[in-house]
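Chains, contacts and geometry: an overview
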Amino acid sequence: LYSVSSPTRGEDGAGKLISTTVKRVIDEHWETQELYTGVCSNYLSSRKPGMTVKMTGPSGKRFILPENPTDYNYLFFAAGTGIAPFRGMIMDLMEQNSKNDIAMIFGCPYRTDVLYREYFEPLAQSVENFHFLKSISREEPRQDGTKYYVQYQLIDNRALLEPLLKKD
């Protein structure tokens, strides 16, 4: 299963074009040390933009915004490709001109792994109630020597996040 990263209206605004966020799996079996590739992740990663892919779904529980989404404040946490559904949700909230607080806390090992940087960074600069906080774990450590993981944003950005958490 893969997460859709598009807003409700789709990438094209008509629901006919959607995006997914996929990480190509090439891994080593921990017992045999044989390399294996993920069947679906490699299939999807090998598709070119605009190619047709058959889909079904949604599968399992739905992972969507609540009814009346602009009535709520949001604190999203994601690492790696886990950011996919939040991209679509935040796009929906921006389209609905949400005035409530929205914070997206994202973690990855290296600066080069920041997904959707080109969307989230300008958004954080232009929309006062949106915050994009990055935790880059394998580069420079925090002041106390620990790695920058997403949960440390609650400490390092307490002045920003604590008021949000105290809201209804």
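1. As for the nonpolar core
Ranked by internal contacts, the top residues of the largest apolar core, which has 22 residues, are Phe76, Ile90, Met104 and Phe130. Broken down by secondary-structure element, the contributors of at least two residues to this core are β3 (74-79), α2 (84-95), β4 (102-108), α3 (117-126) and β5 (130-136). A total of five residues in this core trace back to one element, the largest contributor, which is α2. Once residues lying within four places of it in the same chain are set aside, the contact partners of Phe76 are Leu65, Phe86, Met89, Ile90, Leu93, Ile102, Ala103, Met104 and Ile105. Within the second largest apolar cluster, six residues are counted, among which are Ala103, Ile105, Leu133 and Val150.

2. What about α2?
Across its 12 residues, α2 extends 17 Å between first and last C-alpha, which sits within 8% of the 16 Å expected from 1.5 Å per residue. Those residues of α2 that sit buried are Ala84, Pro85, Phe86, Arg87, Gly88, Met89, Ile90, Met91, Asp92, Leu93 and Met94. Contact partners of the buried residues in α2: β3, β4, α3 and β5.

3. Structural notes on a nonpolar patch on the surface
There is a patch of nonpolar side chains on the surface, built from Phe77, Leu154, Ile155 and Leu165 and spanning about 350 Å² of accessible area. Structurally, Ile155 is set in helix α4 (residues 153-156).

4. So, the packing of α2 against α3
Between α2 and α3, the shortest axis-to-axis distance is 12 Å and the interhelical angle comes to 35°. Both α2 and α3 take part in a crossing whose hand is left-handed. Residues Arg87, Ile90, Met91 and Met94 of α2 form the contact with α3, whose own contacting residues are Tyr119, Phe120 and Leu123. A class-by-class count of the residues in the contact of α2 with α3 yields six nonpolar, no polar and one charged.

5. Observations concerning the side chain of Arg142
Assignment of secondary structure puts Arg142 in the loop between β5 and α4. Each residue touching Arg142, except ones within four places of it in the same chain, is listed here: Lys147, Tyr148, Tyr152, Ile155 and Asp156.

6. Describing the sheet that holds β4
Across a sheet, paired strands are connected by hydrogen bonds in the backbone, their directions being either parallel or antiparallel. Ordered in space as β3-β4-β5, the three strands form an open sheet in which the pairing is parallel. The sheet terminates laterally at β3 and β5, the two strands that pair on one side only. Across this sheet, the average inter-strand angle for adjacent strands is 15°, counted without regard to direction. With six bridges joining them, β3 and β4 adopt parallel strand pairing. Its bridge partner being in β4, Ala79 is matched across the sheet by Gly107.

Rules used throughout
Residues numbered from 1 in each chain as written. Predicted model: local features only at pLDDT ≥ 70, side-chain atom pairs only at ≥ 80, totals over all residues. Heavy atoms only, no water. Core = buried A, V, L, I, M, F, W, Y, C linked by side-chain atoms within 4.5 Å. Buried < 20%, exposed > 50% of the residue type's maximum accessible area, 1.4 Å probe, protein only. Helix = DSSP H or I, 4+ residues; strand = E, 2+ residues; numbered from the N terminus. Contact = heavy atoms within 4.5 Å. Expected span 1.5 Å × (residues − 1). Patch = residues over 30% accessible without salt bridge, like charges linked within 9 Å, V, L, I, M, F, W, Y side chains within 5 Å. Areas by Shrake-Rupley, 256 points an atom, 1.4 Å probe, with all protein chains shown as cover. Salt bridge = Lys/Arg side-chain N within 4 Å of Asp/Glu carboxyl O. Axes fitted to C-alpha atoms, helices over the stretch in contact; angles between N-to-C directions. Left-handed = near helix turned anticlockwise from the far one by under 90°. Nonpolar A, V, L, I, M, F, W, Y, C, P; charged D, E, K, R; others polar. Pairing = 2+ DSSP bridges.

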